[in-house]
Amino acid sequence: MPAGEQLPVIPRPVTAERLGGSAFTLAPDARVSVAGPGAGEVAALLVAELASDCRRDLAIVHEPPAYGDIAIVIAPDETPDDERAEGYSLSITAEGVRIGAATAAGAFWGVQTLRQLVPVECASDPLTIEPLSIRDHPRYAYRGAMLDVARHFFAPDDVKRFIDAIVLLKVNHLHLHLTDDQGWRIHIESWPNLTAHGASTGSDGSDGGFYTQDEFRDLVAYAAERHVTIVPELDMPGHTNAALASYPELNASGVAPELYTGAKVGFSTLLVDDDTTDRFIDDVVREVAALTPGPYLHIGGDECLSTSADDFLRFIARASAIVAAHGKTPAGWHEMGKSAELPDGTVGQYWDFVTPRGSAADETLSFVRQGGSIIMSPADVAYLDIVYEEGDRLGQDWADGPTGIRESFVWDPARIVPGLGDAHILGVEAPVWTETLATIEDVEEMVFPRLAAVAEVAWSPAPADTEPVESERDFDDFAPRLAALGAHWAAGGTNFRRVPEISWRESVRV
Ligand code: ACM
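Let us look at the structure shown here.

### A word on the packing of helix α7 (residues 275-291) against helix α8 (residues 309-325)
- It is at 9 Å that the axes of α7 and α8 come closest, and there the two elements cross at 35°. Here α7 and α8 pass one another in a crossing that is right-handed. Contacts between α7 and α8 pair Thr277, Asp278, Ile281, Asp282 and Val285 from the former with Phe315, Arg318, Ala319, Ile322 and Val323 from the latter.
- When the residues that make up the contact of α7 with α8 are grouped by side-chain class, the tally is six nonpolar, one polar and three charged.

Pasting the structure below:
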């Protein structure tokens, strides 16, 4: 990489400096030296990546580094206090590589930066990296991706593959949209027909499927090893046809509807002020809360077009109180902000556009007024199932589509809802809805490269506080870094869309 070019890292680090001097070369006998709590686990993941990507076999040692080793050091004084949760430093010199962090999460994100700096040809050529020094920490604590496993079901191995791909971008939350009209995807012991019947199909008549509780626990653990928190969503009271089809007693008529495999929204609702519905909510929330070590349990609340306004308010007050009673922080789409009875700290997820329409901004601020915080997912830039170009084979175009890579990059979370700044923004999330996406390769084609843009918005420092934001987020700086990342995706087998705005390196070995 010629001097003066940006370091090929996404999200862009807070500070990065080229040091001059000789490059680091990974010798065959190099080791990974670890010190501090959790360093061994982080090192094991790095060693596994270097084995699969570069065919290098490194030993992990609990002793000080020797010349040419990679050191991972976890200790409280490795980062300033306010960067402790996930910050890290990375230095690369001829003497060795050193990652320092106060937490295992910080060290893990340092490893992701290192992976992007390792040349793609590392299996055949000597593995050398130019000398540099990076200090880095995230702007937002919550950096998310959402996978809709309800419309099309994705098996546990697909979800693990997705987790592997998102961590390279320092995304640390995976929101799983587990239930919708088209399918119920998590087994509930106390309501077994939700999966016996309600999981048996999916969008377009696809096969369906569901996670057993053991499979879900295993996914949660796999994610946690990679410093990713799973956020389960049980979408209620709308988007519930699969549940209504599984239990007649959840319906006003006492008759279960047919399973649904189309793409309409807004036609289903749970009953409100009903003992059976209340028992249902309590049971499903209790079981999912017990499977979820993370703090959040998402209860949807979006597009309830068949629930009366009064019923909606009563439902949201009841359901969010049940989530809190089971020890979780409720989260929900911004419509839940219509309620003035949200438990303290409830998290709202904004999914209107970068220019708010209707009551979306007010509903969003309602969470803040009630002591909560906000995840920003503006649909016209951060919904990754929206087509890249008119006529695409995959995706939908309702959210002001098409959405190109530049649009996904040039926006700022703190400049959308007037009065909502970083103090109350928990973070940023990019959802991918799967009505048209049947395979994990389809999902990846929609998610990558746009998730790289959204991940940089979520991690990297805010652009200078001047208008307009377009002149501050430098797409010309981002584009070559994205081309470099594409080479890693190609080498690692992650599918991605070769969007025409980027000069992809097609010579890369695949
Ligand atoms: C949504 O896109 N209905 C949250």
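### Some remarks on the side chain of Asp352
- Secondary-structure assignment places Asp352 in the loop between β17 (347-350) and α9 (360-369).
- Residue classification places Asp352 among the buried positions, given a relative accessible area of 9%.
- Side chain to side chain, Asp352 and Arg357 meet in a polar contact 2.9 Å long.
- With near-sequence residues (within four places) excluded, Asp352 lies in contact with His334, Arg357, Ala360, Ser377, Pro378, Ala379 and Asp380.

### Things to note about the side chain of His175
- With respect to the helices, strands and loops of the structure, His175 is situated in strand β11 (residues 173-177).
- Under the relative-accessibility criterion, His175 is labelled buried at 0%.
- At a separation of 2.7 Å, a polar atom in the side chain of His175 contacts the side chain of Glu233.
- When neighbours within four sequence positions are excluded, His175 is seen to be in contact with Tyr142, Ala145, Met146, Leu147, Val231, Glu233, His298, Trp333, Gln349 and Glu429.

### Let's talk about the sheet that holds strand β19 (residues 425-432)
- Read once around its circumference, the closed barrel built from eight strands follows the order β10-β11-β14-β15-β16-β17-β18-β19, with strand pairing classed as parallel. When the angles between neighbouring strand axes are averaged without regard to direction, this sheet yields 30°.
- Here strand β18 (residues 373-376) runs beside β19; their pairing, made up of three bridges, is parallel. Of the residues in β19, the one forming a bridge with Ile374 is Ile425.
- Contacts from α7 reach β14 (229-236) and β15 (296-300) within the one sheet, and its direction differs from that of β14 by about 170°.

### Some details on the packing of helix α3 (residues 156-167) against helix α5 (residues 213-225)
- Remark: α3 packs on α5, axes separated minimally by 10 Å, with the N-to-C direction vectors making an angle of 15°. Judged by the inter-axis angle, α3 sits roughly parallel to α5. At the point where α3 passes α5, the crossing takes the right-handed sense. Two secondary-structure elements touch here, α3 through Pro156, Val159, Lys160, Ile163 and Asp164 and α5 through Glu215, Asp218, Leu219, Tyr222 and Ala223.
- Looking at side-chain class alone, the contact of α3 with α5 contains six nonpolar, no polar and four charged residues.

### Side note on the pairing of strand β16 (residues 329-333)
- Within β16, four of the five residues are buried, leaving the element largely enclosed by the surrounding structure.
- Two elements, β15 and β16, share three bridges in a ladder whose sense is parallel. When the bridges of β16 are listed, Tyr296 appears paired with Thr329.
- Where the polypeptide runs from β15 across α8 and back to β16, its parallel neighbour, the crossover connection is right-handed.
- Pairing geometry for β16 and β17, over three bridges, is parallel. In the strand pairing of β17, Trp333 is matched with Gln349.

### Some remarks on helix α12 (residues 440-447)
- Counting buried residues in α12 gives seven out of eight residues, a clear majority hidden from the surface.
- Among all positions of α12, only Ile440, Asp442, Val443, Glu444, Glu445, Met446 and Val447 are buried.
- The elements touched by buried residues of α12 are β10 (142-148), α3, β19 and α13 (450-459).

Reading the values: rules and limits
Residues numbered from 1 in each chain as written. Predicted model: local features only at pLDDT ≥ 70, side-chain atom pairs only at ≥ 80, totals over all residues. Heavy atoms only, no water. Axes fitted to C-alpha atoms, helices over the stretch in contact; angles between N-to-C directions. Helix = DSSP H or I, 4+ residues; strand = E, 2+ residues; numbered from the N terminus. Left-handed = near helix turned anticlockwise from the far one by under 90°. Contact = heavy atoms within 4.5 Å. Nonpolar A, V, L, I, M, F, W, Y, C, P; charged D, E, K, R; others polar. Buried < 20%, exposed > 50% of the residue type's maximum accessible area, 1.4 Å probe, protein only. Polar contact = N/O pair within 3.5 Å; in protein donor to acceptor, adjacent residues only side chain to side chain. Pairing = 2+ DSSP bridges. Parallel < 35°, antiparallel > 145°, perpendicular 65-115°, else oblique. Right-handed = clockwise from strand over helix to strand, strands pointing away.

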